[in-house]
Amino acid sequence: VQLQAFGGGLVQPGGSLRLSCAASGSIFSINVMRWYRQAPGKERVVVAVITGGGSTSYIDSVKGRFTISRDNAKNTVSLQMNSLKPEDTAVYYCNAVGVQRSGAPFNVWGQGTQVTVSS
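Residues numbered from 1 in each chain as written. Predicted model: local features only at pLDDT ≥ 70, side-chain atom pairs only at ≥ 80, totals over all residues. Heavy atoms only, no water.

Turning next to the nonpolar core. Counting residues in hydrophobic clusters, the biggest one holds 29 residues, and the most contacted among them are Trp 35, Phe 66, Val 77, Leu 79, Met 81 and Tyr 92. Contacts of Phe 66, omitting those with residues within four sequence positions, involve Arg 37, Val 47, Tyr 58, Leu 79, Gln 80, Met 81, Asn 82, Leu 84, Asp 88 and Tyr 92. (Core = buried A, V, L, I, M, F, W, Y, C linked by side-chain atoms within 4.5 Å. Buried < 20%, exposed > 50% of the residue type's maximum accessible area, 1.4 Å probe, protein only. Contact = heavy atoms within 4.5 Å.)

Listed below in structure tokens is the structure:
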């Protein structure tokens with residue numbers, strides 16, 4: 001199973017970006033999908049989580065600004081980021097946890113995509 005991330009880039013403060021991540025391979029089900037971010041010199045932290053049933057959770061600093069969503073039919077997860085701030089600058093990673101058709105579990109990461117918020 002592999003994850004490929006799309007989106008990211010340079011945006012001015014107050015702007016918006018949308019990140020997407022597509023899972024491919026021998027997938028039976030994806031239980032949880034997450035977006036993490038890692039700023040320079042800091043640890044990777046989870047930003048948003050969405051379960052297979054669509055329940056979501058966010059870190060406090062992005063609540064009301066970021067929205068995580070998923071398309072179970074396409075095995076994709078997206079992160080809509082609005083009202084971006086310079087402190088949102090980081091490399092963003094998607095993560096998926098699920099079960100392969102063989103019955104084996106998987107826990108995979110996307111390649112990371114840079115988001116830079118700067119004027």
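In terms of strand pairing, strand S3 (residues 17–24) meets strand S8 (residues 76–81) through six bridges, oriented antiparallel. Opposite Leu 17, over in S8, you have Met 81 as the bridge partner. The loop that links strand S7 (residues 66–71) with its antiparallel partner S8 comprises four residues; one of these, Asn 75, has a positive phi angle of about 55°. (Pairing = 2+ DSSP bridges. Helix = DSSP H or I, 4+ residues; strand = E, 2+ residues; numbered from the N terminus.)

What follows deals with the packing of aromatic side chains. Given two aromatic rings, one states the distance between the centres and the angle between the planes to describe the pair. Counted by the stated rule, this structure contains one aromatic pair. Residues Tyr 36 and Trp 109 carry aromatic rings whose centres are separated by 4.7 Å and whose planes lie at 50° to one another, so their mutual orientation is tilted. A residue pair is termed long-range when its members are at least 10 positions apart, and Tyr 36 in strand S4 (residues 27–38) and Trp 109 in strand S10 (residues 105–109) qualify at 73 residues. A cation over an aromatic ring shows up here: Arg 44 above the ring of Tyr 93, its NZ or CZ 3.6 Å from the ring centre. One residue, Arg 44, lies across the ring of Trp 109, its end atom 4.9 Å from the ring centre. (Phe/Tyr/Trp six-rings, centres within 6.5 Å; stacked < 30°, edge-to-face > 60°. Lys NZ or Arg CZ within 6 Å of the ring centre and 35° of its normal.)

Attention shifts here to the side chain of Arg 70. Tracing the chain through its elements places Arg 70 in strand S7. Buried and unpaired, Arg 70 has no salt bridge, with Asp 71 as the nearest side chain of opposite charge at 8.1 Å. In this structure the side chain of Arg 70 is engaged in a polar contact, spanning 2.8 Å, whose partner is the backbone oxygen of Ile 30. A polar contact is formed between the side chain of Arg 70 and the backbone oxygen of Thr 51, at a distance of 3.1 Å. Residue contacts for Arg 70: discarding those within four places in its chain leaves Ile 30, Asn 31, Val 32, Met 33, Ile 50, Thr 51, Gly 52, Thr 76 and Val 77. (Lys, Arg positive; Asp, Glu negative; His and termini not counted. Salt bridge = Lys/Arg side-chain N within 4 Å of Asp/Glu carboxyl O. Polar contact = N/O pair within 3.5 Å; in protein donor to acceptor, adjacent residues only side chain to side chain.)

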